[in-house]
Amino acid sequence: MAKLPFNVRPFIIGMVHVGPLPGTPLYNGSFEDILERAIRDAKTLEEGGVDGIMVENYYDRVYSIGRADPAVAASMAVIVREVRKEVSIPVGVNVLRDCVLESLAIAYVNKASYIRVNALVEAVIAPEGILMPSSFKLNRYRAVLNAWDIAILADIHVKHGMPLVLRDIDILAREAIERGLADAIIVTGRATGEEVDIDTLAKVKKVIKEIPVIVGSGLNADNAKKLLKYADGAIVGTYFKRGNVVNLERVRKLMSLVRELRVT
């Protein structure tokens, strides 16, 4: 199994939200502008002190399921490559929605460190349709590429979705590790920017000791101390923004609080 490339706890992964990309309904015809903005946000996140970055096609509504448009995959590959050139911290990939093979391929060719997977070991009803468990096809492709150094960050009970069969989240977390070969577990609220239920987070962390548990939504300067008591890190997107742009002051504020929580 892969290890996350962070030597501190808690760590923070900042989101670079890109798009709308070519091949999607809201694309405005200027890929270069999208690329420049992604690079600018990535550099702002690094300057603000985050530990890693996740590049995601957040604005590509409406998302396809399980297989990205070829233009989206190509665009994301270029963006990840250019972002990696501009920053010195680890970079990851998430191609929505749950386009895990594209995410892994992009990470592999660009030497990215991790990918996010929305439905590794559970079937999920989402606005876009049904996300099916991806653990078999993803890990088979991992073997084909010999990409075992790329970590899988696996959502359980992912936001903007509902499991087809509601199972205990702590049991599901264990299965994501043991049956899905996850390298980290992500716990989210119900929607983007919504705070994680702290009892749920604590329940997962109680049974997961060997790999990181990550807050996947809603972390901010007001709740960071509370939530990171039960998590090894967080993925932060909404809080870091003013409008649709990453704000350096907000990044620095949160990272200052996070550094106070770190064990020396």
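## Side note on the environment of Gly-129
Then comes step 1: Looking at the element boundaries, Gly-129 is found in strand S6 (residues 129-131).
Then comes step 2: Using a relative accessible area of 24% as the deciding quantity, one classes Gly-129 as partly exposed.
Then comes step 3: In this structure the C-alpha to C-alpha distance between Gly-129 and Tyr-63, which are 66 residues apart in sequence, comes to 9.8 Å.
Then comes step 4: If sequence neighbours within four positions are ignored, Gly-129 has contacts with Ile-65 and Val-124.

## Focus on the pairing of strand S11 (residues 233-236)
Then comes step 1: Burial along S11 is two-sided: the face carrying Gly-233 and Ile-235 and the face carrying Ala-234 and Val-236 are both buried.
Then comes step 2: Taken together, the four bridges between strand S1 (residues 11-17) and S11 define a ladder with parallel strand orientation. Residue pairing across strands places Gly-14 opposite Val-236, the latter belonging to S11.
Then comes step 3: Sheet topology note: the strand S10 (residues 213-215)/S11 ladder contains two bridges and is parallel. Within the sheet, the bridge partner assigned to Ile-214 lies in S11 and is Gly-233.

## Observations regarding the packing of helix H5 (residues 169-178) against helix H6 (residues 198-207)
Then comes step 1: At a closest axis distance of 9 Å, the pairing of H5 and H6 adopts a crossing angle of 45 degrees. Judged on the interaxial angle alone, H6 and H5 are oblique. Taken as a pair, H5 and H6 cross one another with a handedness that is right-handed. Where H5 approaches H6, its residues Ile-169, Asp-170, Ala-173 and Arg-174 are matched on the opposing element by Thr-200, Lys-203, Val-204 and Val-207.
Then comes step 2: Taken together, the residues of the contact of H5 with H6 sort by class into four nonpolar, one polar and three charged.

## Looking at the sheet that holds strand S7 (residues 151-156)
Then comes step 1: Taken together, the eight strands give a closed barrel; going around it, the order is S1-S2-S3-S4-S7-S9-S10-S11, and neighbouring strands pair in parallel fashion. Neighbour to neighbour, the strand axes of the sheet diverge by 25 degrees on average, direction disregarded.
Then comes step 2: Strands in contact with H5 are S7 and strand S9 (184-187); relative to S7, the strand with the most contacts, it is inclined by about 160 degrees.

## Considering the layout of surface pockets
Then comes step 1: A volume near 460 Å³ is recorded for the largest pocket.
Then comes step 2: What lines the largest pocket is a set of 30 residues, among which Glu-56, Tyr-58, Lys-159, His-160 and Thr-192 lie closest to the centre.
Then comes step 3: Those elements giving two or more residues to the lining of the largest pocket turn out to be S1 and S11.
Then comes step 4: Across the lining of the largest pocket, the residue classes tally to eleven nonpolar, twelve polar and seven charged.
Then comes step 5: Approximately 270 Å³ is the volume found for the second largest pocket.
Then comes step 6: Taken together, 18 residues form the lining of the second largest pocket, with His-157, Gly-161, Thr-188, Gly-189 and Arg-190 sitting closest to its centre.
Then comes step 7: Looking at the lining of the second largest pocket, its residues break down into eight nonpolar, six polar and four charged.

## Points about the sheet that holds strand S8 (residues 162-163)
Within a sheet, each strand pairs with its neighbour through backbone hydrogen bonds, oriented either parallel or antiparallel.
Then comes step 1: Here we have three strands laid out as an open sheet, ordered S6-S5-S8, and antiparallel in their pairing. Strand pairing shows two members of the sheet lacking a second neighbour, S6 and S8, which therefore form its edges.
Then comes step 2: Here strand S5 (residues 124-126) pairs with S8 via two bridges, running antiparallel. Within the sheet, the bridge partner assigned to Val-124 lies in S8 and is Pro-163.

Here is what the cut-offs are and how they apply
- Residues numbered from 1 in each chain as written.
- Predicted model: local features only at pLDDT ≥ 70, side-chain atom pairs only at ≥ 80, totals over all residues.
- Heavy atoms only, no water.
- Helix = DSSP H or I, 4+ residues; strand = E, 2+ residues; numbered from the N terminus.
- Buried < 20%, exposed > 50% of the residue type's maximum accessible area, 1.4 Å probe, protein only.
- Contact = heavy atoms within 4.5 Å.
- Pairing = 2+ DSSP bridges.
- Axes fitted to C-alpha atoms, helices over the stretch in contact; angles between N-to-C directions.
- Parallel < 35°, antiparallel > 145°, perpendicular 65-115°, else oblique.
- Left-handed = near helix turned anticlockwise from the far one by under 90°.
- Nonpolar A, V, L, I, M, F, W, Y, C, P; charged D, E, K, R; others polar.
- 1 Å grid on protein atoms, 1.4 Å probe; cavity = no way out; pocket = protein on both sides within 12 Å on 5 of 7 lines; lining within 4 Å.
- Points joined across faces, edges and corners; volume = space filled by probe spheres on them.

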